[in-house]
Amino acid sequence: MRQIRRSAAFSAVAVLLVLIGGCGPGTPEPITLTISTFGQFGYEDLIPGYEFTHPGLTIRQVRTEQGGPYHQDLLAKLQNGQELADVQAVEEGHLADVLAHSDKFADLAEIGPPDVKPGRWLEWKYEAGRSKDGKLVGYGTDIGPLAMCYRKDLLEVAGLPTDPGSVKTMFATWDSFFKAGEKYVKRTKGKPWFDSSAQIFNAKVNQLPVGYLDRENHSTLETNTALRDAWNQVTGAVKQGQSAGLTAFADDGNNGLRTGAFATKVCPSWMLGVIEQQAGVTNAGKWALADAFPDGGGNWGGSFLTVPSSSPHQKEAAALAAWLTAPEQQLHAFRVSGNFPSQVEAFTSPDLLSEMNGYFGGALTGQVFVAQAQKVGKPQYKGPGDGKIQETVIAPALKAVEQGADPAAVWQQVLTGVHRLVP
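Residues numbered from 1 in each chain as written. Predicted model: local features only at pLDDT ≥ 70, side-chain atom pairs only at ≥ 80, totals over all residues. Heavy atoms only, no water.

Under the annotation held in an unreviewed UniProt entry, the protein chain carries the name Sugar ABC transporter substrate-binding protein and is attributed to Amycolatopsis rifamycinica.

### As for the pairing of strand β2 (residues 57-64)
Consecutive side chains along a regular strand alternate between the two faces of the sheet. Where strand β1 (residues 31-38) and β2 come together, eight bridges link them in parallel fashion. Residue Thr 37 lies in a different strand from β2, and its bridge partner there is Arg 63. In the classification by handedness, the crossover that spans β1, the intervening helix α2 (residues 46-52) and the parallel β2 is right-handed. (Pairing = 2+ DSSP bridges. Helix = DSSP H or I, 4+ residues; strand = E, 2+ residues; numbered from the N terminus. Right-handed = clockwise from strand over helix to strand, strands pointing away.)

### Brief notes about unusual backbone geometry
One non-glycine residue with positive phi stands out, namely Lys 189, at about 60 degrees. Here Lys 189 falls in the exposed class, since its relative accessible area comes to 81%. The phi dihedral of Asn 217 is positive, around 65 degrees, even though this residue is not glycine. Looking at where Asn 217 falls in the secondary structure, it is placed in the loop between α10 (197-206) and α11 (225-239). (Buried < 20%, exposed > 50% of the residue type's maximum accessible area, 1.4 Å probe, protein only.)

### A few points about helix α18 (residues 386-402)
Taking 1.5 Å as the rise per residue, α18 with 17 residues should run 24 Å; its terminal C-alpha atoms sit 23 Å apart, in good agreement. Where α18 bends most, at Ile 394, the angle is about 30 degrees, and the proline Pro 396 comes one to four residues later. Along α18, the positions that sit buried rather than exposed are Asp 386, Ile 389, Gln 390, Val 393, Ile 394, Ala 397, Leu 398 and Val 401. The inward-facing, buried residues of α18 contact α10, α11 and α19 (407-421). Once α18 finishes, Gly 404 follows within two positions and takes phi at roughly 115 degrees, a positive value. (Expected span 1.5 Å × (residues − 1). Bend = angle between axes of the 7 residues up to and from the residue. Contact = heavy atoms within 4.5 Å.)

### Re the environment of Gln 40
Mapping Gln 40 onto the fold places it in the loop between β1 and α2. Among the residues examined, Gln 40 registers a relative accessible area of 44% and is labelled partly exposed. When the C-alpha atoms of Gln 40 and Thr 64 are compared, they prove to be 9.3 Å apart, with 24 residues separating the residues in sequence.

### Quick look at the side chain of Gln 88
Checked against the element boundaries, Gln 88 lands in strand β3 (residues 87-91). A distance of 3.4 Å separates polar atoms of two side chains, one belonging to Gln 88 and the other to Ser 36. Only 3.0 Å separates the side chain of Gln 88 from the backbone nitrogen of Ala 85, close enough to count as a polar contact. Excluding residues that lie within four positions of it along the chain, Gln 88 makes contacts with Ser 36, Tyr 70, Leu 74, Phe 304, Leu 305, Thr 306 and Pro 308. (Polar contact = N/O pair within 3.5 Å; in protein donor to acceptor, adjacent residues only side chain to side chain.)

### Here we look at the nonpolar core
If you look at the biggest cluster of nonpolar residues, it comprises 81 residues, and the most contacted ones within it are Phe 171, Trp 193, Ile 275 and Val 414. For this core, the two domains that each supply at least three residues are domain 1 (32-143 + 301-354) and domain 2 (145-299 + 357-421). Here Trp 193 is in contact with Leu 155, Leu 160, Phe 171, Phe 177, Ala 180, Gly 181, Tyr 184, Gln 242, Phe 262, Ala 263 and Thr 264, once residues within four sequence places are set aside. Among the nonpolar cores identified, the runner-up in size contains 43 residues, and Leu 33, Ala 89, Phe 105 and Val 307 belong to it. (Core = buried A, V, L, I, M, F, W, Y, C linked by side-chain atoms within 4.5 Å. Domains from an automatic or database assignment.)

### Some remarks on the domain arrangement of the protein chain
Often, the extent of an interface is quoted as the loss of accessible area upon association of its parts. The domain architecture assigned to the protein chain consists of domain 1 (32-143 + 301-354) and domain 2 (145-299 + 357-421). If you look at the interface, domain 1 gives 16 residues, while domain 2 gives 23 residues. Summed over both sides, the interface between domain 1 and domain 2 buries roughly 1,600 Å², with carbon and sulfur atoms accounting for 63% of that surface. Contact with domain 2 buries area across many residues of domain 1, yet Trp 124, Lys 132 and Phe 340 alone supply 37% of it, more than any other trio. Our enumeration of links across domain 1 and domain 2 arrives at zero salt bridges. Linking domain 1 with domain 2 are six residue pairs in polar contact (both at pLDDT 80 or more). For the side of domain 1 that touches domain 2, the elements supplying multiple residues, two or more each, are α4 (92-99), α6 (123-128) and α16 (350-353). (Buried area = accessible area lost by both parts, 1.4 Å probe. Salt bridge = Lys/Arg side-chain N within 4 Å of Asp/Glu carboxyl O.)

Structure, rendered in structure tokens:
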């Protein structure tokens, strides 16, 4: 079925390209643009059509399978002044490090097509692509709006409600979420409520107005009481036995999905595919998607397309990046790769709003994630090193608490570890 939909989508895009072919910018002489991406952006079908409507233009996509090595290479090249692609993709988690080098990227608000306006994107997505001095460094591609996934069968066994309205109420706030978790652990005689405290804590932190760093890139952990409150709430739930103590995307986390080792999981839009792949066909229909996320919306994931100032064809590169991030192309990318659009116009698409996932009991996933995306507020400032704090300090610290360490003592270790990374 997916292959049939992909072919149909490509045919529709091809027809559209032919119709608008005369509207694109001309290329006065043959040029080659390189676009560097990672993972699945869904551009393979789109690029030939763009070349067809832009005679003399050749586009070479260089795709790295894993995002980690890709961004290590990108940051190393930025620091060493090495050549970059004409269009360079950047994942949200590494964007702060790239924005710290904003002088090495073109301002898309100046060189991009004049018809590309901020209102194309959700406001928070657009703002996230701007540097501290206001330069628009990245055009937003996909997003990862947050909802909550849960095992209906496990909630039923624990005597907790599974109908959509009651579940939505149960997941309305973090207080109600953890209270339900306390009941679940007691009624199941010690079975965990969620998979990983690091996943829960990361989601809570990303909802705060200020995260680990202030806009001067100084640590806020000693003064940001909301961070300490989040720590206390999550580690309190750990002490009640609510966390399975697993590592997401690792072997133990994947095995936990297969065996039903926990009942709930933080679910950005792209997580549905991860659950389906790792939980397997034997768990089809047991998982469900709640039209809610505690304390409002949140986002986890998504990328941007940038144009390095070293590109000899900046305007052409910006035009390509603008086209790839237009609503029509983002809907195509969603159909073939599952990347959820960040463009406002795409949110009214019948195709997106009718998207249904049989593995999750026929959930109208498009409608759920459109609603969740519209709840996200202003983007939290992410300074250089923000990702390292989460990955190398916070996650190991929470793992220690899951293994029995005292939360208050570990928090002091967190403060020390963060100060080794940032002032």
